[in-house]
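Residues per chain are reported as follows:
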Amino acid sequence: MRLDLNGTPTEITATTLAEALTDLGYQTGALATALNGRFVPAAERAATPLREGDRIEVLAPMQGG
Amino acid sequence: MRLYDIQLPSRLMLGTAQYPSPSVLTEAIAASGAAVVTVSLRREAAGAPGANGFWALIRQTGARILPNTAGCHSVTEAVTTARMAREVFGTDWIKLEVIGHADTLQPDPFALVEAARILTAEGFAVLPYTTEDLIVGERLLEAGCRVLMPWGAPIGTGRGLRHAEALATMRQHFKDVPLIVDAGLGAPSQAAQAMEMGFDGVLLNTAVARAGDPVAMARAFGLAVAAGRLAHEAGLMPPRDMAAPSTPVLGLADLGLGGLP
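Owing to the predicted nature of the structure, the values given are computational and were not obtained by experimental measurement.

Let us now look at the overall build of chain A. When helices and strands are tallied, chain A shows one helix and five strands. What you see in chain A, going N to C, is helices and strands ordered as β-β-α-β-β-β. Relative to the 2.2 N^0.38 estimate, which gives 11 Å for 65 residues, the radius of gyration of chain A is 11 Å and therefore close to what a compact globule would have. Counting only residues that meet the buried cut, chain A has 46% of its 65 residues in that class. Of the contacts made within chain A by residues no fewer than 6 positions apart, 54% connect residues no fewer than 24 positions apart. Within the structure as shown, chain A displays about 3,300 Å² of accessible surface, and the carbon and sulfur contribution to it stands at 52%. Between the averaged position of the 5 positive side-chain charges in chain A and that of its 8 negative side-chain charges there is a distance of 6 Å.

Listed below in structure tokens is the structure:
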């Protein structure tokens with residue numbers, strides 16, 4: 001299915017957020033996720049289903065002021 | 001300085017962005033003596049090696065982590081970012097920024113108060129980036145904030161305390177609330193000025209990161225903050241409009257050469 005990953009249209013076969021992160025090659029660790037603008041805690045990713053057109057945000061630590 | 005029941009060994013808080021290299025960043029943090037460093041969250045590309053190198057580097061500094069919600073323009077964005085930051089960085093502390101204008105980066109006080117209310121209810125220790133407006137400050141305290149961070153000048157401008165009188169009023173009004181001047185500081189003298197005025201601390205980034213020698217400038221800011229605080233505690237003399245001789249005039253020689261009596 002086609003969804004939006006960090007603002008980029010992306011084709012995936014995974015059906016949950018946790019699977020999608022693995023399939024897309026994300027390393028585990030310091031990552032935070034949001035689905036359609038809502039924060040999804042790491043512990044809930046495996047139970048978070050994905051649907052066509054969903055918007056996923058994957059964020060990591062970055063320099064800031 | 002004590003913020004949210006945490007005793008901090010330094011009154012300087014330092015941003016981690018825009019340094020010429022990771023090693024300069026860590027050396028600057030050490031040279032500044034900063035007890036708190038700010039960090040952020042950004043999109044991570046799929047399959048990228050990750051920003052964990054940066055995160056590991058920052059953790060090694062031993063400084064307390066203060067994630068920010070930089071770049072957020074709405075309550076929802078800021079609240080979601082704060083929740084994500086809490087999980088990644090493992091801290092309840094959040095520097096809450098809700099930006100109203102893209103050009104001035106002025107805080108949106110209405111959204112700021114609303115976001116602060118939501119986050120404090122969720123157990124966050126909110127450090128709000130605000131203006132010197134007293135009413136907004138009161139609303140933020142009512143919302144559960146126990147620290148206020150008024151701007152010195154717009155982020156990245158290096159203009160110093162653009163509204164020094166308003167900041168002095170704010171200091172006087174919120175006598176028992178920790179106040180940190182956040183943003184707009186360009187020179188150590190400006191940080192010292194804020195500390196002399198009785199502000200509890202300062203937060204800055206660009207002035208150090210973009211200095212010719214960031215490590216030396218970090219040290220200069222650390223010294224200025226310490227000096228300004230010491231001066232505040234020592235009690236500054238009240239200013240006068242007219243001159244007053246500092247050398248005693250009693251027993252001054254009269255040499256009969258036409259000097260003033």
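A tally of regular secondary structure across chain B gives nine helices and ten strands. Dimensions of chain B, computed from the C-alpha atoms along their principal axes, are close to 90 × 40 × 35 Å. Considering chain B as a whole, with its 261 residues, one finds that 49% of them fall into the buried category. Pairs at least 24 residues apart make up 66% of the contacts formed inside chain B by residues separated by at least 6 positions. When the accessible surface of chain B is split by element, carbon and sulfur atoms take 55% of a total near 12,400 Å². Across chain B, the centroid of the 20 positively charged side chains sits 4 Å from that of the 24 negatively charged ones.

Residues and elements named next belong to chain B. A sheet is described by the order of its strands in space; here three strands give the open sequence β6-β7-β8, paired in parallel fashion. Both outer strands of the open sheet, β6 (93–96) and β8 (149–150), are each paired with one neighbouring strand and no more. Of the pairings in the sheet, the one linking strand β7 (residues 125–130) to β8 comprises two bridges and is parallel in character. Pairing of tyrosine 129 across the sheet is with methionine 149, part of β8.

This brings us to the interface of chain A and chain B. One widely used convention gives an interface's size as the accessible area the parts lose upon coming together. Contact with chain A, which involves 29 residues of that partner, is made by 29 residues of chain B. A buried area of about 2,200 Å², summed over both sides, lies between chain A and chain B, and 61% of it is on carbon and sulfur atoms. Joining chain A to chain B, the criterion identifies two salt bridges. We note a salt bridge from glutamate 87 of chain B to arginine 45 of chain A, for which the minimum N-O separation is 3.6 Å. Across the chain A-chain B interface, the total number found is 15 residue pairs in polar contact (both at pLDDT 80 or more). Put simply, the parts of the chain that give the side of chain A that touches chain B at least two residues each are β3 (32–35), β4 (38–40) and β5 (55–63) of chain A. Per-class residue counts for the side of chain A that touches chain B are 16 nonpolar, ten polar and three charged.

A word on the packing of aromatic side chains. Residue and element names in this part refer to chain B. Enumeration according to the criterion identifies two aromatic pairs over all chains in this entry. Over the ring of tyrosine 129 we find lysine 95, and its NZ or CZ is 5.8 Å from the ring centre. In this arrangement the basic side chain of arginine 171 is found over the ring face of phenylalanine 199, its NZ or CZ atom lying 6.0 Å from the centre.

Cut-offs and rules
- Residues numbered from 1 in each chain as written.
- Chains lettered and ligands numbered in written order.
- Predicted model: local features only at pLDDT ≥ 70, side-chain atom pairs only at ≥ 80, totals over all residues.
- Heavy atoms only, no water.
- Helix = DSSP H or I, 4+ residues; strand = E, 2+ residues; numbered from the N terminus.
- Rg over C-alpha atoms; globule rule 2.2 N^0.38 Å.
- Buried < 20%, exposed > 50% of the residue type's maximum accessible area, 1.4 Å probe, protein only.
- Contact = heavy atoms within 4.5 Å.
- Areas by Shrake-Rupley, 256 points an atom, 1.4 Å probe, with all protein chains shown as cover.
- Lys, Arg positive; Asp, Glu negative; His and termini not counted.
- Charge placed at Lys NZ, Arg CZ, Asp CG, Glu CD.
- Pairing = 2+ DSSP bridges.
- Buried area = accessible area lost by both parts, 1.4 Å probe.
- Salt bridge = Lys/Arg side-chain N within 4 Å of Asp/Glu carboxyl O.
- Polar contact = N/O pair within 3.5 Å; in protein donor to acceptor, adjacent residues only side chain to side chain.
- Nonpolar A, V, L, I, M, F, W, Y, C, P; charged D, E, K, R; others polar.
- Phe/Tyr/Trp six-rings, centres within 6.5 Å; stacked < 30°, edge-to-face > 60°.
- Lys NZ or Arg CZ within 6 Å of the ring centre and 35° of its normal.

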